[in-house]
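Summary of the model geometry
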Amino acid sequence: MAPVKQLSDPVQIGSVRTRNRICIPPMVLYGHAGEDGMVTDAHVEHYRALAEGGAGLIIQEATCVSPEGRLRQDQLGIWAEDQVPGLKRIVEAVHGAGCPIFLQIHHGAVRDLSALSALEIESLRDAFIDGCLRACRAGYDGVELHGCHSYLLCQFLNRRTNRRRDPYADGLVLIKEIYDGVRAGTSPDFVIGIRLGAFEPGLSEGIGHAKALEAMGLQFLDISYGYAGEMDLTAPGDPKLSPPARGAAEIQKTVSIPVFAVEGIRTRADAEAVLAAGVEITDVGRSALVDPNWPEKVLRGEPAGACMGCRTCQWRIDPARCPGRILLRKKEEKQ
Ligand SMILES: Cc1cc2nc3c(=O)[nH]c(=O)nc-3n(C[C@H](O)[C@H](O)[C@H](O)COP(=O)(O)O)c2cc1C
Ligand code: SF4
């Protein structure tokens, strides 16, 4: 029988050893960056708090490879050399608390994939490669290519949106070019992984992508929703787990690199159920926004703050209004 995975176990991802199996997935901090996409003190303190809270690994929020690819004007950027020193401050704060950190490399989307010329695709590819190389220079332990949630690489991967008639009709071709460019410019210690849709549009495509990306050399797969929230509610596995977490568990059966599962993991029991389903790492997103000390508390067997699953997450609007955090503060004041 396979040994039971403990939340406190480290996981080896390429050259990087996590502190435990809890990863804080990328979550954009709206309203923190200016239009120049530069890191502010608020970013540094946010990531320092998450690292001091005991996370095994942090994947920093979607950081854009070009000003045109931003979701909003106040998203972090990595399109210019003068953005590197600010990003380095985050890395130093997180490393100072003993936690490894990857950076999510992002481009929003294009209006019409079919209308892009080969030259335009090459320029997007080069922007991704340059962004990853800057992340390496800033000291990140690795990068996560953003390949799901309807964004650019996801548009390429999903056959419903990719109707091109050239080699890029296979979305993996662009990812391979990006991967090769980054690998050629970095040492083998620098980790390259991807956030991928489990259902793109179905689980069989998600599994196909995962196997091909492992064969390409990518070192981890952080599994989430695909294009426009593509998901298969009938995906096999424990019905208490979210569809992407079930998809992640199915994908982990077909690859040997670490797979991460996400969505709605709020308690130690939730996290253990995900590990029991077979994945190597559990992502804890909004519950760590509510309580940055979630990993440390849960690993000690103490109750931690948990996300209340609001219809619209206030962290997209005004974090001070997050009801989960307000409740936690009230509880802490009473103690
Ligand atoms: C405020 C906010 C910002 C997010 N930003 C990103 C992002 O930058 N990149 C990404 O891949 N997912 C992003 N997500 C999705 C989260 O990484 C995660 O998949 C989602 O919150 C579900 O996990 P949870 O239930 O543990 O929160 C974001 C989610 C929230 C709530
Ligand atoms: S605002 Fe609501 S959904 Fe967002 S982290 Fe707080 S409790 Fe969770």
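Use the structure listed above.
About the cut-offs
Residue numbers here run from 1 along each chain, matching the order of that chain's written sequence. All chains are assigned letters beginning with A, and all ligands numbers beginning with 1, in the order in which they are written. Per-residue local features of the predicted model are confined to residues with pLDDT of at least 70, and side-chain atom pairs are confined, for both listing and counting, to 80 or more; whole-chain, interface and lining totals are unaffected and use all residues. Excluded from the side-chain calculation are hydrogens and water; included are all heavy atoms of the structure. The secondary structure listing takes helices from DSSP runs of H or I that are at least 4 residues long and strands from runs of E that are at least 2 residues long, numbered from the N terminus. With C-alpha atoms as the basis for the radius of gyration, the globule rule is written as 2.2 Å multiplied by the number of residues raised to the power 0.38. Buried, partly exposed and exposed residues are distinguished by accessible area as a fraction of the type maximum, computed with a 1.4 Å probe on protein chains only: under 20%, between the cut-offs, and over 50%, respectively. In this analysis, two residues are considered to be in contact whenever any of their non-hydrogen atoms come within 4.5 Å of each other. Here, Shrake-Rupley sampling with a 1.4 Å probe gives the accessible areas, and only protein chains in the shown set may cover a residue. We call a residue near a molecule or strand as soon as one heavy atom of that residue lies within 4 Å of the molecule or strand. Identification of polar contacts relies on pairs of N or O atoms within 3.5 Å, with a donor-acceptor requirement for protein atoms, meaning one able to donate a hydrogen and the other able to accept it, and with residues adjacent in sequence counted only if both atoms are side-chain atoms. Note on residue categories: nonpolar means Ala, Val, Leu, Ile, Met, Phe, Trp, Tyr, Cys or Pro, charged means Asp, Glu, Lys or Arg, and polar means any other residue, Gly included. Salt bridge, as used here: a side-chain nitrogen of Lys or Arg that lies within 4 Å of a carboxyl oxygen of Asp or Glu.

Moving on: the overall build of the protein chain. What the protein chain contains, in helices and strands, is eleven helices and ten strands. At 19 Å, the protein chain has a C-alpha radius of gyration in line with the 20 Å of a compact globule built from 335 residues. Taken along its principal axes, the extent of the C-alpha atoms in the protein chain is 60 × 50 × 40 Å. Residue burial in the protein chain is summarised as follows: out of 335 residues, 56% are buried. Within the protein chain, residue pairs in contact and separated by at least 24 positions form 71% of the contacts whose partners lie at least 6 positions apart. By element, 51% of the accessible surface of the protein chain is carried by carbon and sulfur atoms, the whole surface being about 14,000 Å².

Around ligand 2, the neighbouring residues are Arg-286, Val-290, Cys-307, Met-308, Cys-310, Cys-313, Gln-314, Trp-315, Cys-322, Pro-323 and Gly-324. Listed by contribution, the elements that provide at least two residues to the shell around ligand 2 are α9 (286-290) and α11 (323-334).

Lining the immediate environment of ligand 1, one finds 18 residues, of which Pro-26, Gln-104, Arg-195, Gly-264 and Arg-286 sit closest. Here an oxygen atom of ligand 1 sits 2.8 Å away from a polar atom, N or O, in the side chain of Arg-195. Here the shell around ligand 1 is composed, by residue class, of nine nonpolar, five polar and four charged.

Our focus in this paragraph is the pattern of salt bridges. The full count for this structure, using the stated rule, is 23 salt bridges. Note that Glu-177 is salt-bridged to Arg-125, the shortest N-O span being 3.1 Å. Here Glu-177 is found in helix α5 (residues 171-185), whereas its partner Arg-125 is found in helix α3 (residues 118-138), with 52 residues between them in sequence. Look at Glu-177 and you get partly exposed, because its relative accessible area is 25%.

By the criterion of burial, helix α7 (residues 243-252) is predominantly enclosed, with ten of the ten residues buried. Those residues of α7 not exposed but buried are Pro-243, Pro-244, Ala-245, Arg-246, Gly-247, Ala-248, Ala-249, Glu-250, Ile-251 and Gln-252. Residues of α7 that are buried sit in contact with α6 (203-216), β8 (221-224) and β9 (259-261).

A word on the environment of Arg-89. Locating Arg-89 in the fold gives a position in helix α2 (residues 84-96). Between the C-alpha atom of Arg-89 and that of Leu-116, which follows or precedes it by 27 residues, the distance is 36 Å. Every residue in contact with Arg-89, bar those within four places of it in the chain, is listed here: Thr-40, Asp-41 and Val-44.

Another aspect to go through is the environment of Leu-76. Positionally, Leu-76 belongs in the loop between β4 (57-64) and α2. Given a relative accessible area of 0%, Leu-76 falls into the buried group. The spatial distance from the C-alpha of Leu-76 to the C-alpha of Asp-36 is 8.1 Å, given a sequence separation of 40 residues. In this structure, Leu-76 is in contact with Ala-33, Gly-37, Met-38, Val-39, His-43, Gln-60, Glu-61, Ala-62, Thr-63 and Cys-64, ignoring residues within four places of it in sequence.

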